[in-house]
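Chain residues, written in single-letter form:
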Amino acid sequence: MPIGGDAAYVLLDTARLDASGRFSARRLLRSLGWPPGHRVDAVVVGDAVVFAGSPTGQQAVGSRGELAVPAATRALAGIDNDGHVVLAAVLDHDVLLVHAGAMVLLVHARAMVTQLLPEHYADLADEREP
């Protein structure tokens, strides 16, 4: 998970999941260098789904630049069926983070988001330390 670093390397966007849990993120996937067919794995970390490239990944980027968040993964991350998500491509870490729709309100103030997300990840890291 990204902690600190230069916020210029975090690209933000919003998306809406369709009924099967897919969302389009062409611009972010292009910035990450993930073409159609690129293999990825998804894991839940806190309240986010983290997609990371993996040669043996269980999922692949679709031909139209879409990814799918499986139903069980959505449930674990607390992503509601309303389908609104915030996307954060962390270029230095080659990951795409998908956050529940409650964070959509933050996107209207990009400066606030670039400050709050690193703080959020730092808080998560602090919670995991014994």
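Structural data are supplied above this passage.
Residues numbered from 1 in each chain as written. Predicted model: local features only at pLDDT ≥ 70, side-chain atom pairs only at ≥ 80, totals over all residues. Heavy atoms only, no water.

1. Examining the packing of aromatic side chains
Aromatic ring pairs: the centre-centre distance and the angle between the two ring planes describe each pair.
Logical step 1: Tallying each qualifying case throughout the model produces 1 aromatic pair.
Logical step 2: Centre to centre, the rings of Phe23 and Phe51 are 6.3 Å apart; their planes meet at 65 degrees, and the pair counts as edge-to-face. Taken as a pair, Phe23 in strand β2 (residues 22–24) and Phe51 in strand β4 (residues 48–53) lie far apart in primary sequence, 28 residues in all. Each member of the pair Phe23 and Phe51 is classed as buried. (Phe/Tyr/Trp six-rings, centres within 6.5 Å; stacked < 30°, edge-to-face > 60°. Helix = DSSP H or I, 4+ residues; strand = E, 2+ residues; numbered from the N terminus. Buried < 20%, exposed > 50% of the residue type's maximum accessible area, 1.4 Å probe, protein only.)

2. Focus on the pattern of salt bridges
Logical step 1: Applying the stated criterion across every chain yields a total of 1 salt bridge.
Logical step 2: Asp18 is the salt-bridge partner of Arg22, the closest N and O atoms lying 3.0 Å from each other.
Logical step 3: By relative accessible area, Arg22 is classed as partly exposed at 41%. (Salt bridge = Lys/Arg side-chain N within 4 Å of Asp/Glu carboxyl O.)

3. Points about the environment of Gly53
Logical step 1: Structurally, the position occupied by Gly53 is in strand β4.
Logical step 2: Taking C-alpha positions, Gly53 is 9.2 Å from Leu96, a pair spaced 43 residues apart along the chain.
Logical step 3: Filtering out sequence-adjacent residues up to four positions away, Gly53 remains in contact with Trp34, His38, Arg39, Val40 and Asp94. (Contact = heavy atoms within 4.5 Å.)

4. Structural notes on the environment of Arg26
Logical step 1: By secondary structure assignment, the location of Arg26 is in helix α1 (residues 26–32).
Logical step 2: When sequence neighbours within four positions are dropped, the list of residues in contact with Arg26 reads Arg64 and Gly65.

5. Remarks on the nonpolar core
Logical step 1: Core analysis: the largest hydrophobic core is formed by 22 residues, its most contacted members being Phe23, Phe51, Leu87 and Leu96.
Logical step 2: Breaking this core down by element, the ones donating at least two residues are α1, β4, β7 (84–90) and β8 (95–100).
Logical step 3: Contacts of Leu96, omitting those with residues within four sequence positions, involve Phe23, Leu28, Leu29, Leu32, Trp34, Val49, Val50, Phe51, Leu67, Leu87, Ala88 and Ala89.
Logical step 4: Within the second largest apolar cluster, 10 residues are counted, among which are Val45, Val90, Leu97 and Leu124. (Core = buried A, V, L, I, M, F, W, Y, C linked by side-chain atoms within 4.5 Å.)

6. Description of a positive patch on the surface
Logical step 1: Residues Arg26, Arg27, Arg30 and Arg64 make up a contiguous surface patch of positive charge.
Logical step 2: The residue Arg30 is located in helix α1 in this model. (Patch = residues over 30% accessible without salt bridge, like charges linked within 9 Å, V, L, I, M, F, W, Y side chains within 5 Å. Areas by Shrake-Rupley, 256 points an atom, 1.4 Å probe, with all protein chains shown as cover. Lys, Arg positive; Asp, Glu negative; His and termini not counted. Charge placed at Lys NZ, Arg CZ, Asp CG, Glu CD.)

7. Side note on the sheet that holds strand β3 (residues 39–45)
Logical step 1: Strand order in this open sheet of 6 strands is β1-β7-β8-β4-β3-β5, and the pairing throughout is antiparallel. Each edge of the open sheet carries a strand with a single partner, namely β1 (10–16) and β5 (59–60).
Logical step 2: As defined by bridge partners, β4 adjoins β8 across 5 bridges and the pair is classed as antiparallel. Within β8, the position partnered with Val50 by the bridge is Leu97. (Pairing = 2+ DSSP bridges.)

In short, shape yes, function no, at least from these values alone.
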